Amino acid sequence: MASFKPTKVQFLPKLGEKVTEDTLYWKNYKSPVQIKEFGAVTKIDFSPLAPHNYAVTASTRIHVYGLHSQEPIRSFTRFRDTAYGGSFRGDGKLLVAGSEEGLIRLFDICGRVALRQFTGHSKAVHVTSFLSDGFRVVSGSDDLTCRVWDVPSAVELSSITEHTDYIRALAPSKLNPDLFVTGSYDHTVKVFDMRSGSSVMTMQHGHPVECVLLYPSEALLVSTGGRYVKIWDLLKGGQELVSLKNHHKTVTCACLSSVGNKLLTGSLDRHVKVYNSSYKVVHNFDCDASILSMAVAPDDEVVAVGMTNGVLSVRHRKHKKDKETLTSRRRRGPSYRVFVKGKNFVPRQDDFLVSKPVKQYLRKYDKQLKSFEVSKALDTALQMWTRTSKPEVTVAVIIELNRRGTLKNALAGRNEESLTKILNFLLKHIFDPRFSRPLLTVGDIVLDLYRQVLHQSPVVERQLQRLMEVLGREAELQQELLQVLGILDTLFASLTPRKEVAALAALPVDQGPQLQAA
Amino acid sequence: MVETSDIRVVRCGGSKVNLTPPIISSDSRFVLCTSGDLVKVYSTRTEEWLHSLQGHTNQVTGITLNPANHLQVYSCSVDGTVKLWDFIDGILIKTFVIGCPLFAIYVSEKHTGVLFLHVSMATDSKNECFQLVSVHLPKSAEQEVEAKEMSAVSSHISKNPSCTAFGRGGEYIAFARHLQLNVYFFRKQKTYSFSLKATDKKGAKNAFTCIACHPTDDCIATGHEDGKIRLWRNFIHKKEYTYSTQHWHHNAVNTLCFTPEGTHLLSGGIESVLVQWQYGADNRKEFLPRLGGSILHISASSDGQLFCTSHSDNKITVIESSFKVCGVIQGLVKGDAVLTDLMIDPRSKALVLNGKPGHLQFYSLLRDKHLYNLDIVQQEYIYEAGLDQFEVVKAAFDIKGSWLATVEERGKKSSDLEFFLKLWAFDERTQSFVLNTTITAAHTDRIISMCFSSSEETTMLVTAAEDSQFKAWCQGADADTQQDQNFWSCDFVGSYHKLNPTNCSFSADSSLLAVSFQEVITIWSPDTWEMLTTLCQPPGVIRDLCFGRLSCSKYLLGTTTKNLLCCWNLLTCELEWSTSVDVSKLQPDPFSENVAAFSYQSKHTDLFVFKPSEPRPLFTNKNVCSEKVHRAVFVPREEPLNSCDESTQWLNRSQLYFLTQNMDLLTFSTATEEDRMLSSSKQLVIDDSVAVTPFYLLLGKHRQQQQKLNTQSHPVSDKPQQTQGSVTIKELLHTPAHVLPAASVLCSMFVNSFLISNTGVQQDPLREEMDSEKEEEDSEEEMEACDSQQELRAQGSVDEVTPKLSKAQERELKRVRKTDFSWMAGLIDSKP
């Protein structure tokens, strides 16, 4: 005796987003923690030392946060005007920052007062950084100069004026203490060598450069500006490797993850995009406002994003440990022991085994279908939760009823309330190509059944009016689409040489071959 | 033309087992059912086919147990004979020649020596008028007896055998036809008839469909066309009869059956639900749903412990009285039509065709056994007349048997056609096919033809549909869904001048694909999807298409609707030859160059087997059968025959099976093969017919052990002994009594002859032992001690027969023997 076969719900394959290892990795973050700053967050820098605190430059302050704290553990507030570009030294003990007034300040991470002040820039300094030897500071300013300062003596070592517009991007080399890269609003990216005292390489980005970034190997350079992200190969003399255009507003910041060197870019269009090693976008974070700055903690523990509205959003990585503690706390039901009770009993040789019949678990609508209660089954399938979150289940039940030839019986004899439910469902899904065929039959049957009594209910009548409008619009749309298709066909036909008959293209269009017919 | 008599058409496997009610033997161990011209005996426990009762020359139409001897069974057949069998040993006991076709048989306990038979009254078969006759069986010792002593009981008999039943062990007989129920009382020799109106106010159809009589009570249960069951009572009086009506079935009640005690009534119909009504408390019923096809017959065993239902899908279900299915005997399912082609599963070599609704059945032709059903549709089948449901219409295997493609279809009658293309992968672990891909809208119209590529490396499926396109499907990544490599997706869509394709076929090395569009055959290269050439031989739409194999692989064969068989040479792209013959089925042999063509001309089918390269056919068989043949298949043999005869050579490696329109599965067999079959069938032994009871377990074990012991010990020691003994016994028996010495003298000699004598060295220690024992016996005084000693000795002697003892052991034994065991006597004394 066969058992009852439950209704098959068809799951059509989802188009679009695919699940890869990268998406799984980048999805594995907790929901972001929002920290309100006083102004737009222009720079975030992680300390290279162990607790990996991070300095956030916003308005006239620089706050230093611990990884898991929402309150700043230290703040530097001695700026008279907006501070810019707070960044740590390689040992994490010193912090340097520029400011709107042109001063560059150097702080001890434990102190409050500036240890050194470098004066010399005549305009705002937006980018500052330590060179990799740790004894020199390089800064880029709106006065078109790039200056190198000596930390112990607080004197200017050199000043280079090669850019013709504001300098807004800077990246020192970690391998060579004499190299750094600057990007400017004059659309160029320049590599400077302090030994020669001038630029050794110039790349044309084509848009005002907002950010430059060196890969750890320092063979590749990333520059962002306008909507473009460009990757340059420094070993090939600054040849452009790729140009990416995935954002639809200016790309303001870029950083690298420490696991697998994935590139992340943030833009004014409020998206953070993650690229894989072949520069395909593999993941996308959405933010509330335009992104100005972004940083990733070592080991990708934290992704911090600063925005124009002064909100710092911090995402922490999920760990398995967290999950386990969470579930262990949540679990209140019977313990594992209860479920395996008696299941792991191994019968001995002489035991006579009486097997218990396996109980078949059926959904409610299946149970009703099994006992031929068709109206009830349709009601169950039209319940609020099912019809909103799983319309395919509702449609599957409708198809099953139609197959059994009892759809008419199930739809008949309904009151206004349940009829509205059905009509609402039709209105929502009738032009979904997956469902349209069975739903159109439902519509037909409803009209056939209730034609005599429709005018008695204004609600139902209004819904039918809307259904008619929707269907009319859909029909028009289809017609237009067919017209476009016809136009395209003629275009393709005129493109192909004569005496050749184009075969219909196969599903992958680029593989569609040309067929010859005699 | 070579026409030889050693190849003949034989009916093979899978005839109907559901034609008549199956009967259960009185010990509930066997189920008997008719199957073509055989009566088959199955075991109820193992569901295994034990043997068949062979002897009728035409369809067996009824079987019934002999009421006088429950180990015998009567069977009647259209060939006009009634045969009495011993069904356990499969021996034909007697044949009664009646002389006219018989359609049903009934017996009753009160009428010993009388059979009741359905015979056709009218000579012309159109006007079906049946008569119930009683036949007195003549008592004669001969094997074949003519029984001519007939007397008609009634002529108002329905042709449905289940509309006749005996009541109360044979006091009356009830039979119904159309709207009339008749009861004939044997004692009164009178017929009472009761009739119903054709329809009542609600439009119920009241025609009788079946009848059953209560075994002890005066009650007749009748089933009706609208699903009602009526229980008639008090029909002994013509006017004051009453009936009560029960209604559960929504379609006609096919069969009714009372349990032997009469406590329950069983009913079944098209719903495939076995309903058990409690007799007397009519509202209490039990159900056993989803048994398979619609229920045609129900029968109960004489002790009421087992029920048997036979179903329309050629199945017999054995059900325990606790309403649990305990066995299923499944024959080859043959519906109204075989929609899929006949196919061979390359792995199991089983015949595959669509079986019960929505399933593919795998049937082993070698063992004539149903292997399993593969659920293709995976939907609950609703047993309701006239409901349009999904059916498997196309199926194809790839060459290794690791992929199966199926098409299921619904909506033949209505305009909106629904169909699915499904691909199944063979799972090594579960040894069955697992659904891999479902394609919902493979084409916009019905799929006409489907074939797999025949290369081993890459599997490719080509479907041709009525939407004037053909599509190639490949296993691999779909650009849109980015799913695993395992799924199938469309690779190419081709069409030709918007013509509807009619057939498609791959060449043997799958380097070419031929797709026929109406009158034109197009040849494509599956690697580049380039159309290479077109072939055309008007007039007539191409019907069948096949490539030659092996040495003939350069030929392409095609048949048209205008009775033309064409052969093209693909190297020259020219027509090699064509002949005018109406080919209904063209079937290439996958193991040789041969091609079989069935042609239907003037109401009979001819078979031609030919090689495409040769003008003369290898084999011709005129008048294979009288119906059209649409399905045929070559089945590879397990071991090839090595016949050198030119006409039978084509059957060496594979066997040709074909299916006629009447759904008979036929095949060609050669004389050598039949000989082999015969010899093998003689070796078949019926299983031991002893029931496995606790008592049997006890005794049977004992007996088996004994047998084992015997077989072990006989050759070693007993044989010479026996011969010796037999000499003495002979002496004893063959000597005339008056010369024999006194019995007391003979006795010792006689007993001695049974003793085991050891020869050679071994004899001496034994003698010594005996001597010493004798001394012992003498010395002993107490008789009991002596007895115990003797017992010991007896045991000892048994032990000592076989093993050779070393000297040291012997000495030890002697020592033991000589020790005084008198203390044991005391023990034994004290015990009781």
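What counts, and where the lines are drawn
- Residues numbered from 1 in each chain as written.
- Chains lettered and ligands numbered in written order.
- Predicted model: local features only at pLDDT ≥ 70, side-chain atom pairs only at ≥ 80, totals over all residues.
- Heavy atoms only, no water.
- UniProt positions renumbered as here; feature names shortened; annotations may be inferred.
- pLDDT = per-residue confidence, 0-100.
- Contact = heavy atoms within 4.5 Å.
- Buried < 20%, exposed > 50% of the residue type's maximum accessible area, 1.4 Å probe, protein only.
- Helix = DSSP H or I, 4+ residues; strand = E, 2+ residues; numbered from the N terminus.
- Pairing = 2+ DSSP bridges.
- Axes fitted to C-alpha atoms, helices over the stretch in contact; angles between N-to-C directions.
- Expected span 1.5 Å × (residues − 1).
- Patch = residues over 30% accessible without salt bridge, like charges linked within 9 Å, V, L, I, M, F, W, Y side chains within 5 Å.
- Areas by Shrake-Rupley, 256 points an atom, 1.4 Å probe, with all protein chains shown as cover.
- Salt bridge = Lys/Arg side-chain N within 4 Å of Asp/Glu carboxyl O.
- Phe/Tyr/Trp six-rings, centres within 6.5 Å; stacked < 30°, edge-to-face > 60°.
- Lys NZ or Arg CZ within 6 Å of the ring centre and 35° of its normal.
- Core = buried A, V, L, I, M, F, W, Y, C linked by side-chain atoms within 4.5 Å.
- Parallel < 35°, antiparallel > 145°, perpendicular 65-115°, else oblique.
- Left-handed = near helix turned anticlockwise from the far one by under 90°.
- Nonpolar A, V, L, I, M, F, W, Y, C, P; charged D, E, K, R; others polar.

Per an unreviewed UniProt entry, chain B is named WD repeat domain 75, and its organism is Cyprinus carpio carpio. Recorded under Subcellular location (unreviewed entry), the UniProt text for chain B is reproduced unchanged: "Nucleus, Nucleolus".

Labelled according to an unreviewed UniProt entry, chain A appears under the name U3 small nucleolar RNA-associated protein 15 homolog, originating from Cyprinus carpio carpio. One UniProt comment on chain A, placed under Subcellular location (unreviewed entry), says "Nucleus, Nucleolus". Note on chain A: under the UniProt heading Subunit (unreviewed entry), the record states "Part of the small subunit (SSU) processome, composed of more than 70 proteins and the RNA chaperone small nucleolar RNA (snoRNA) U3. May be a component of the proposed t-UTP subcomplex of the ribosomal small subunit (SSU) processome."

Chemist: How do you make sense of the confidence of the model for chain B when you look at a structure like this?
Modeler: In low-pLDDT segments, the atomic positions of the prediction should not be examined closely. Residues and elements named next belong to chain B. When pLDDT is averaged across chain B, the result is 79; 81% of the residues are at 70 or more. Below a pLDDT of 50 lies the segment residues 682-689, which in the model reaches seven contacts outside its immediate sequence neighbourhood of four places, other chains included. Counting interchain partners and residues more than four positions distant, the pLDDT-below-50 stretch residues 713-723 has 11 contacts. Across the interface, the model reports ipTM at 0.72; the global pTM reads 0.66.

Chemist: What is the right way to read the pairing of strand β11 (residues 136-141) of chain A from this model?
Modeler: Each regular strand displays side chains that alternate between the two surfaces of the sheet. Residues and elements named next belong to chain A. The element β11 is largely enclosed, with a buried count of six among its six residues. Where burial is concerned, the two faces of β11 agree: the one with Arg 136, Val 138 and Gly 140 and the one with Val 137, Ser 139 and Ser 141 are both buried. Here strand β10 (residues 125-130) pairs with β11 via five bridges, running antiparallel. Across the sheet, the residue bridging to Thr 128 is Ser 139, located in β11. The hairpin turn running from β10 into β11, its antiparallel successor, is five residues long, and Gly 134 in that turn takes a positive phi close to 85 degrees. Counting the residues that bridge the hairpin from β11 to strand β12 (residues 146-150) gives four residues, and of these Leu 144 lies at a positive phi of roughly 75 degrees.

Chemist: Just checking my understanding: could you explain the sheet that holds strand β50 (residues 574-579) of chain B for this structure?
Modeler: Residues and elements named next belong to chain B. The strand order β47-β48-β49-β50 describes an open sheet built from four strands, whose pairing is antiparallel. Edge positions in the sheet fall to β47 (542-547) and β50, since each has one partner strand and no second. Strand-to-strand, the axes of this sheet are offset by a mean angle of 20 degrees, without reference to chain direction. The pairing of β47 with strand β48 (residues 555-560) spans five bridges and is antiparallel.

Chemist: How do you make sense of the pairing of β50 of chain B when you look at a structure like this?
Modeler: Residues and elements named next belong to chain B. Across five bridges, strand β49 (residues 564-569) lies against β50 in antiparallel orientation. For Leu 565, the partnering residue across the bridge sits in β50 and is Thr 579. Remark: four residues form the turn of the hairpin made by β49 and β50, two consecutive strands paired antiparallel; Cys 573 in that turn has positive phi of roughly 60 degrees.

Chemist: Just to check I follow, could you spell out helix α9 (residues 416-429) of chain A for this structure?
Modeler: Structural remark: α-helix, 3.6 residues per turn; residues separated by three or four positions point the same way. An ideal rise of 1.5 Å per residue puts 20 Å on 14 residues; α9 of chain A measures up with 20 Å between its terminal C-alpha atoms. Buried positions along α9 of chain A lie against α6 (384-389), α7 (391-403), α8 (407-411), α10 (436-450) and α11 (458-495) of chain A.

Chemist: How should the UniProt feature "repeat: WD" (unreviewed entry) in chain B be read in this particular structure?
Modeler: Residues and elements named next belong to chain B. UniProt's feature table lists "repeat: WD" (unreviewed entry) at residues 53-95, 201-232, 246-278 and 440-473, given in the numbering used throughout. For residues 246-278, the helix share is 0%, the strand share is 58%, and the end-to-end C-alpha distance is 12 Å. Counting secondary structure, residues 440-473 comes out at 0% helix and 50% strand; the distance between its end C-alpha atoms is 14 Å.

Chemist: I would appreciate a short explanation of the environment of Val 393 of chain B in the present structure.
Modeler: Residues and elements named next belong to chain B. Mapped onto the elements of the fold, Val 393 is located in strand β35 (residues 391-397). For the pair Val 393 and Val 407, spaced 14 residues apart in sequence, the C-alpha to C-alpha distance is 5.8 Å. In contact with Val 393, other than residues within four places in its own chain, are Leu 339, Thr 340, Val 407, Glu 408 and Glu 409.

Chemist: What is the right way to look at the environment of Leu 53 of chain B in this model?
Modeler: Residue and element names in this part refer to chain B. Within the fold, Leu 53 resides in strand β5 (residues 49-54). Taking C-alpha positions, Leu 53 is 7.7 Å from Trp 85, a pair spaced 32 residues apart along the chain. If near-sequence neighbours (up to four positions away) are discounted, Leu 53 is found in contact with Leu 32, Asp 37, Leu 38, Val 39, Val 41, Val 73, Trp 85, Phe 87 and Gly 90.

Chemist: Even after reading the chapter, I still don't get a nonpolar patch on the surface, so can you show me in this structure?
Modeler: A cluster of nonpolar side chains, namely Leu 482, Val 484, Leu 485, Ile 487, Leu 488, Leu 491, Phe 492 and Leu 495 of chain A, defines an oily patch on the protein surface of about 820 Å² accessible area. Secondary-structure assignment places Ile 487 of chain A in helix α11.

Chemist: Help me out: how do you make sense of the pattern of salt bridges in this one?
Modeler: A side chain with one charge may pair with a side chain of the opposite charge, provided their charged atoms come close. Enumeration over the complete set of coordinates arrives at 31 salt bridges over all chains. The salt bridge partner of Glu 418 of chain B is Arg 410 of chain B, with a shortest N-O separation of 2.4 Å. Measuring nitrogen to oxygen at the nearest pair gives 3.9 Å for the salt bridge that ties Asp 606 of chain B to Lys 622 of chain B. On the criterion of sequence distance, the pair formed by Asp 606 of chain B in strand β53 (residues 604-610) and Lys 622 of chain B in strand β54 (residues 619-625) is long-range, its members being 16 residues apart. Overall, Asp 606 of chain B belongs to the buried group, its relative accessible area being 2%. Where salt bridges share partners, they join Asp 133, Arg 136, Asp 178, Asp 193 and Arg 195 of chain A into one cluster.

Chemist: How should I be thinking about the packing of aromatic side chains in this particular structure?
Modeler: Aromatic ring pairs: the centre-centre distance and the angle between the two ring planes describe each pair. As enumerated under the stated definition, the model contains 50 aromatic pairs over all chains in all. For the pair Phe 116 of chain B and Phe 186 of chain B, a centre-to-centre distance of 5.7 Å together with 50 degrees between the ring planes defines the contact as tilted. With Phe 116 of chain B in strand β11 (residues 114-120) and Phe 186 of chain B in the loop between β17 (180-185) and β18 (190-195), this residue pair connects regions lying 70 residues apart in the sequence. In this structure, Phe 116 of chain B and Phe 186 of chain B share a single accessibility class: buried. Ring centres of Phe 362 of chain B and Tyr 372 of chain B lie 4.5 Å apart, and the angle between their planes is 10 degrees; this geometry places the pair in the stacked category. Residue Phe 362 of chain B is located in strand β33 (residues 359-364), and its partner Tyr 372 of chain B is located in strand β34 (residues 369-375); the two are separated by 10 residues in the primary sequence. Phe 362 of chain B gets classed as buried once you look at its relative accessible area, which sits at 0%. Of the aromatic side chains, those joined through ring pairs into one cluster are Phe 470, Phe 492, Tyr 496, Phe 517, Trp 524 and Trp 529 of chain B. Above the face of the Phe 38 of chain A ring, Arg 61 of chain A is positioned so that its terminal group lies 4.3 Å from the ring centre. Here Lys 230 of chain A stacks its cationic end above the ring of Tyr 228 of chain A, 5.6 Å away from the centre of that ring.

Chemist: So what exactly am I meant to see when it comes to the nonpolar core here?
Modeler: One broad rule of soluble globular proteins: the nonpolar side chains tend to lie buried together. With 37 residues, the main nonpolar core has Leu 401, Leu 411, Val 442 and Val 446 of chain A as its most contacted residues. Broken down by secondary-structure element, the contributors of at least two residues to this core are α4 (364-370), α5 (374-381), α7, α8, α9, α10 and α11 of chain A. Judged by nonpolar contacts, the second largest core, of 21 residues, contains Val 393, Leu 423, Met 450 and Trp 473 of chain B.

Chemist: Can you walk me through the packing of α5 of chain A against α7 of chain A in this structure?
Modeler: The geometry of a pair of packed helices is captured by two quantities: the angle between their axes and the separation between those axes. All names here are of chain A. Relative to each other, α5 and α7 sit at 160 degrees, their axes nearing to 9 Å. The orientation of α5 relative to α7 falls into the category roughly antiparallel. The chirality of how α5 crosses α7 is left-handed. For the pair formed by α5 and α7, the contact residues are Val 374, Ala 377, Leu 378 and Ala 381 on the first element and Thr 394, Val 397, Ile 398 and Leu 401 on the second. A breakdown of the residues in the contact of α5 with α7 according to their chemical character gives seven nonpolar, one polar and no charged.

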